Amino acid sequence: MEKKTTRLYFIDAIRAWAILMMLQGHFIDGLLDNVFRDNSNVFYSLWKYFRGMTAPVFFTVSGFIFTFLLVKSADVGLVNPRVKKGIKRGLELLCIGYLLRMNLGGLLVGEIYDSFYLVDVLHCIGFSILGIIGIYLITSKLNRMWLPAILLTITLLLFIAEPLYSKWTYTFLPDAIANYFTKTNGSVFTLFPWFGYATFGAFVSINFTKFKNAKYLYTIAISSALVIGLSLIFFSSDFFLTFSRFTGIQLFADIYFNNYLFIRLGDVFIAFAFFMLFRQWLTNKTLLKIGQSTLSIYVIHFIILYGSFTGLGLYQYFHHSLSPTVVIFGAIAFMIVCSFSALLYEKHKLELKAFIHKTLKFVWTRLEPSLKYALSRTRQLILKLFGFVKN
């Protein structure tokens, strides 16, 4: 009999796989010479397809994990401790997302570059967590079926309506807000449709929690995921085309011509099926720790590759200039460096935070007298300027 555990290790394994795929994907996509980007090359096409799975899987898993912890609590509504933690986490991700796009050189000259306002994966996941919390609170006093029903409905609406809202430019909004909804200004991700993957992960999580003690949970879950996943990948496009012809609604034909959302959702199902199938062998401690350290890995990779804060990153020096051999070995080294650095940080996180706190306190005790004196002199000068103090 399989040992019961409160932690779903296969989810940590999926997160580890997704973050490693993201590392190599960003490295290769950013540094591989354009000459070698040949879609007719089977190896490049396979890499490109599997790279496209990373974000859908990551968003789905993020929604799954947070909701799994949220609904596991016996407390409901605002008294649920996971609500407060989730709000804190969501805001933290938003802050980190903006910090990573900050350039210290620009700040020194009093300028904030437009890239600071662009939206990336952390912004979207942060808002996705806040959105799931909002839906949870709204439905907390209703029948339990409302929460999964609304989550699934949001996913379907966002995916089906994508051909419509993807054309909107949101020029009536300030760029900082519009960047959450359009890629026109350079945002990598937008809240819509990616929030749909997070809500779908939340939907799956609720059902998984509901049947967590079922005898044949994994047998049914794996077989269902395989059937649904393969159906979405190979038959969803034809379904929307047929449905468009039957109803005469152009929207479904538009989905057929760019059916990436439902196909990628099928990839998510296949990924879940694979990791659930081999869950008993995916228990390596290092692998699981990588899956539990995705935020640290993401931050470190952003600094090394894109040059957060300093503007000095690999992207600036080797952008689209490396050969396949160099970029492959470079990607492997990049994954190792980022993962090792993150695990080292997580191991000594408390000591580092204590050291930083102690250093800031030391600096403050040295600067406080000078700052107080400067503020006092400034106050006197202002009062003198306006005639409140005579010479």
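Up top is the structure.
Residues numbered from 1 in each chain as written. Predicted model: local features only at pLDDT ≥ 70, side-chain atom pairs only at ≥ 80, totals over all residues. Heavy atoms only, no water.

A. Just the packing of aromatic side chains, in detail. Per the stated rule, a full pass over the model turns up 38 aromatic pairs. Each ring, one from Tyr98 and one from Phe116, has its centre 5.3 Å from the other, and the planes form 40 degrees; the classification is tilted. Placement of the pair is Tyr98 in helix α4 (residues 81–100) and Phe116 in the loop between α5 (104–108) and α6 (121–139), with a sequence separation of 18 residues. Taken together, a centroid distance of 5.5 Å and an interplanar angle of 55 degrees make the contact between Tyr306 and Tyr315 tilted. (Phe/Tyr/Trp six-rings, centres within 6.5 Å; stacked < 30°, edge-to-face > 60°. Helix = DSSP H or I, 4+ residues; strand = E, 2+ residues; numbered from the N terminus.)

B. Quick look at the environment of Leu230. Within the secondary structure, Leu230 is located in helix α11 (residues 217–247). Separated by 39 residues in sequence, Leu230 and Phe269 place their C-alpha atoms 8.3 Å apart.

C. Examining the packing of helix α3 (residues 54–72) against α4 more closely. Where α3 contacts α4, the axes come no closer than 8 Å and their chain directions differ by 150 degrees. Taken together, the axes of α3 and α4 are roughly antiparallel relative to one another. In this structure, the crossing between α3 and α4 has a hand that is right-handed. Residues Phe66, Leu69 and Leu70 of α3 form the contact with α4, whose own contacting residues are Arg82, Val83 and Gly86. Per-class residue counts for the contact of α3 with α4 are four nonpolar, one polar and one charged. (Axes fitted to C-alpha atoms, helices over the stretch in contact; angles between N-to-C directions. Parallel < 35°, antiparallel > 145°, perpendicular 65-115°, else oblique. Left-handed = near helix turned anticlockwise from the far one by under 90°. Contact = heavy atoms within 4.5 Å. Nonpolar A, V, L, I, M, F, W, Y, C, P; charged D, E, K, R; others polar.)

D. Representation of the packing of helix α1 (residues 9–31) against helix α13 (residues 260–277). Packing of α1 against α13 brings their axes to within 9 Å, and their N-to-C directions diverge by 125 degrees. As judged from the angle between their axes, α1 and α13 are oblique. Judged by the sense of rotation from one axis to the other, the crossing of α1 with α13 is right-handed. Along its contact with α1, which presents Phe10, Ile11, Ala13, Ile14 and Trp17, the element α13 presents Phe272, Phe275 and Met276.

Everything listed here is a matter of coordinates, which is why it stays silent on function.
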